[in-house]
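What follows is each chain in one-letter form.
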Amino acid sequence: MKNNYEKEIQDLLMEMTIEEKVGQLQQCGPSLVGAFDVSFEELVNMVFDGRISKADFQNIMSSAKHDFHEEDLRAGKIGSYNGLNDAKTANELQKIAVTETRLGIPLLFGYDVIHGYRTVTPIPLAESCAWEPELWERTARIAAEEATAGGVHMTFAPMVDVSRDARWGRVSEGAGEDVLLSSIYGAAKVKGFQGDDLTKEDAMAACVKHFAAYGAAEAGKDYNRVDMSMQRLFEEYLPPFEACVKAGARAIMPAFNDINGIPCSVNHWLLTNLLRNQWGFDGMTISDANAIAECVTHGIAENTADAAKQAIEAGLDMDMTSNAFSETLVKLIAESAVSVEALDKAVANVLRVKFDLGLFDHPYQTSEEREKAAMLKPAYRSLAREAAEKSIVLLKNETLLPLKPGIKLGIAGEQANNRGEMTGAWAIKADGEDCVSLIDACMTQGIDYVYLEENTVIPEDCDVFVAAVGEMKNQSGEAASRASIELPADQINLLKKLIETGKPVIALLFNGRPLAIPWVAEHVSAIIEAWHPGVEAGNAILNVLFGKVNPSAKLTTTFPYASGQCPIYYAHMNTGRPGGKSKFTSKYLDTPLVPVYPFGHGLSYTTFAYSELQLSEGQEGVTASVKVRNTGDREGTEIVQCYIRDIVAKRIRPVKQLVDFSKIPLQAGEEREVVFYVPYHKMGYYDMNMRHVIEEGEFELFVGGNSVDCLSNKFLYKPAIS
Ligand code: BGC
């Protein structure tokens, strides 16, 4: 049960000056000083356009001093910091806040802990392919244990943006294209980060982002505008956020984009009507980085003061690093342009989260000793390996895998021998040297291998080639949209050269998004989708290659045939002219109708057969049972998926929609009955007035091992007459 701190909050508000109140809404990051004359953004641009190397950048960063704006902190002008990641600094700053400010209100430290802190686990898109909520929660828990030891109180995660356009770099940060999966994933992460008692020192508040519909950025271009119907917003983009609010998330970050022409940071309907009034959210909202001030560039505010006024009146509580609130709110209040009531509401929301976290009683939640002892524990590493093994998707296998012990591997491709690349995007505390690359793992596990450097003659004594291809980690994540998601020519050439030897070739994919790989799918013997798998990358990959682990992951995102097919996703509407052979149907002239790999696809070293799908309609829901048999000769785990379709409704409905799933281990030859109970409310939709309705009529229910190959049966839903 959550405690109620409303009296304490009101008492504090009575004591606070306007300046102190505004201070609580200010989150600042440490500024870099001393080492160079340009801004941090300019420095990043210099690496980006090649004016300085990555190594130069690292050198500059490590020699730069940080300015923590201590004078402002002492004056009560700072409520929170973003980007600190060490216990010593956190405690020093906390000490100033607690002992040197007039009211001693503790600071809140926020940080992007997206897929692990020091023990980096697979990128979220990868981990979602495990279809395992307990795993999602456990990895979030260890992330919280490490991050809180490093002084962090709140993570800017989970990201629950449903993403259906592979060109968008941030698809790597979320759970893929499905609404239900993103909802379950988000709720599991919230529980894992926050634990069962937020006041505990190893519990970290979850800030769910990016509210809302950021995944629908036009053309997959980051920061781009979003334009969509309310039907789509309510059915496809909002449910994961609502699920996270229900799971108790203490913070929400509005997205950079607009909804219906109003940027989310200043969107009153979104931040107040929906989030607070309808969903009953009582945590804090915090802007995305600089987003309030950027409302001027967006063309929705005349100047920073106008942006600040619009934001606070819309229901935005904390300003992440744009200084819009700190520079303008005191004056706006003095001029009565913004009400004290609006200010108090925002401050109360921030204080409530600080109370929830127990910061008033225990402002110093960590120590340098705890920090030292907390990182990269053996149990964390082994969980990271388990997560990677459960995230690796076997996309194709022409009976080559698993490999026989003792064979000689020829390994090619930079990512096979690059530890730092294994962390993927958004692993800012990670030390790449903690990671095990494929080559490291081959060495420690005594695998017979040769690593092919560029331009070496391909040795003749290799039995099988493994080519690491895909994309580098900085090609996905924020500000990493791509117009073309095909493999580059040099990677295709490498594969061709290896194939020409006549030996089997395995494409080992490292990437943060679906890639368009029709040529690879046709020409290589096997494809392993490793994503960016984290610290235990090499060990997990070897375990899959040699069959110590039987792969079980299934795609949570569709692999298109070409970039031009994006966005592509399984839960699409039918249209009046679904793609078909005839010319006048919905399709491209130059790609097949179907993607290369559909949502839900993923192979195993065994095979599964489905039979006897039976449905029975009850009062509140339909029960489906199906028999699943392991038809191969080794044990394996199958992810059984259940979809429905509303055949005729007053609004158009998706051709299939995931409503449940079950992950089951099966011994060789074993058969099990899997039962799904689908409550009728899961089959509903939003009508023209955004009321959730379930319509009487015929539905189709599908069960299968991916979104395409399913058994199906129809049933009739008739509401009970009360
Ligand atoms: C990103 C957020 C992130 C924030 C803080 C922004 O640029 O959009 O997802 O949490 O930076 O680092």
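Residues numbered from 1 in each chain as written. Predicted model: local features only at pLDDT ≥ 70, side-chain atom pairs only at ≥ 80, totals over all residues. Heavy atoms only, no water.

J.: Lay out the packing of helix H9 (residues 179-194) against helix H11 (residues 239-246) with the relevant residues and their values.
T.: Between H9 and H11, the shortest axis-to-axis distance is 8 Å and the interhelical angle comes to 25 degrees. The angle between H9 and H11 falls in the class roughly parallel. Judged by the sense of rotation from one axis to the other, the crossing of H9 with H11 is right-handed. Between H9 and H11, the residues in contact are Val179, Ser182, Ser183, Gly186, Ala187 and Val190 and Pro239, Pro240, Ala243 and Cys244, respectively. (Axes fitted to C-alpha atoms, helices over the stretch in contact; angles between N-to-C directions. Helix = DSSP H or I, 4+ residues; strand = E, 2+ residues; numbered from the N terminus. Parallel < 35°, antiparallel > 145°, perpendicular 65-115°, else oblique. Left-handed = near helix turned anticlockwise from the far one by under 90°. Contact = heavy atoms within 4.5 Å.)

J.: Describe the site of the ligand, with residues and values.
T.: Not every one of the 13 residues close to the ligand is listed here, only the nearest: Asp112, Arg170, His210, Asp288 and Glu478. Here an oxygen atom of the ligand and a side-chain polar atom of Arg170 are 2.8 Å apart. A distance of 2.8 Å separates an oxygen atom of the ligand from a polar side-chain atom of Glu478. Surface burial for the ligand is 90%, taken as the share of its 310 Å² of free accessible area covered by protein chains. Considered class by class, the residues forming the shell around the ligand number six nonpolar, two polar and five charged. (Near = heavy atom within 4 Å. Polar contact = N/O pair within 3.5 Å; in protein donor to acceptor, adjacent residues only side chain to side chain. Areas by Shrake-Rupley, 256 points an atom, 1.4 Å probe, with all protein chains shown as cover. Nonpolar A, V, L, I, M, F, W, Y, C, P; charged D, E, K, R; others polar.)

J.: Pulling in residues and values, what's your account of the pairing of strand E20 (residues 621-630)?
T.: Across the ten residues that make up E20, a large majority, seven, are buried. Bridge analysis of strand E19 (residues 608-617) against E20 gives eight bridges, and the strand direction is antiparallel. Bridge pairing in E20 places Ser616 opposite Thr623. Hairpin connection of E19 to E20: three residues between the antiparallel strands. With nine bridges connecting them, E20 and strand E23 (residues 671-679) associate as antiparallel partners. For Arg629, the partnering residue across the bridge sits in E23 and is Glu671. (Buried < 20%, exposed > 50% of the residue type's maximum accessible area, 1.4 Å probe, protein only. Pairing = 2+ DSSP bridges.)

J.: With reference to specific residues and values, describe the environment of Ile105.
T.: Note that Ile105 resides in the loop between helix H6 (87-100) and strand E5 (108-111). Assessed through its relative accessible area of 8%, Ile105 is described here as buried. Distance in space between the C-alpha atoms of Ile105 and Lys354 is 8.9 Å, their sequence separation being 249 residues. If sequence neighbours within four positions are ignored, Ile105 has contacts with Leu12, Met16, Gln24, Ala97, Leu351, Lys354 and Phe360.

J.: Which residues make up the nonpolar core, and what values do they have?
T.: Ranked by size, the top nonpolar core spans 175 residues in total, and within it Phe211, Ile506, Ile517 and Ile527 carry the most contacts. Counting residues per element, this core draws most heavily on helix H15 (residues 340-356), which supplies nine residues. When sequence neighbours within four positions are dropped, the list of residues in contact with Ile517 reads Leu395, Leu487, Leu509, Ile527, Phe559, Pro560 and Tyr597. Formed by 23 residues, the second largest nonpolar core is a distinct cluster that contains Val626, Ile644, Val674 and Val703. (Core = buried A, V, L, I, M, F, W, Y, C linked by side-chain atoms within 4.5 Å.)

J.: I'd like a rundown of the domain arrangement of the chain, residues and numbers included.
T.: Split into domains, the chain comes out as domain 1 (1-30 + 68-107 + 261-376), domain 2 (32-67) and domain 3 (608-717). Computed from C-alpha atoms alone, the centre-to-centre distance between domain 1 and domain 2 is 28 Å. (Domains from an automatic or database assignment.)

J.: An account of the packing of aromatic side chains is needed here, citing residue identities and associated values.
T.: In the structure shown here, the tally under the stated rule is 22 aromatic pairs. Centroid distance Tyr81 to Phe109: 6.1 Å. Interplanar angle 25 degrees. Geometry classified as stacked. Taken together, the residues span a long stretch of sequence, with Tyr81 in strand E4 (residues 80-82) and Phe109 in strand E5 at a distance of 28 residues. By the burial criterion, Tyr81 is buried, and Phe109 matches it. Ring centres of Tyr214 and Phe256 lie 6.1 Å apart, and the angle between their planes is 70 degrees; on these two criteria the pair is classed as edge-to-face. One end of the pair, Tyr214, is in the loop between strand E7 (205-211) and helix H10 (230-237); the other, Phe256, is in the loop between strand E8 (251-254) and strand E9 (258-259), with 42 residues separating them in the sequence. Considered together, Tyr214 and Phe256 belong to a single accessibility category, that of buried residues. (Phe/Tyr/Trp six-rings, centres within 6.5 Å; stacked < 30°, edge-to-face > 60°.)

J.: Could you give me a rundown of the sheet that holds strand E16 (residues 464-470), with the residues and numbers involved?
T.: With mixed pairing, the six strands of this open sheet are ordered in space as E13-E18-E17-E16-E14-E15. Looking at the sheet topology across the chains shown, the edges are occupied by strand E13 (393-397) and strand E15 (449-452). Strand-to-strand, the axes of this sheet are offset by a mean angle of 20 degrees, without reference to chain direction. Bridging between E13 and strand E18 (residues 526-529) involves four bridges; their strand directions are antiparallel. Bridge pairing in E18 places Leu394 opposite Ile528.

J.: Residue-level account of the sheet that holds E20, with values.
T.: What holds strands together in a sheet is hydrogen bonding between their backbones, with the strands either parallel or antiparallel. Read from one edge of the open sheet, three strands run E19-E20-E23, paired in antiparallel fashion. Looking at which strands have only one partner, the edges of the open sheet turn out to be E19 and E23. Averaged over neighbouring strand pairs, the angle between their axes works out to 20 degrees when direction is ignored.

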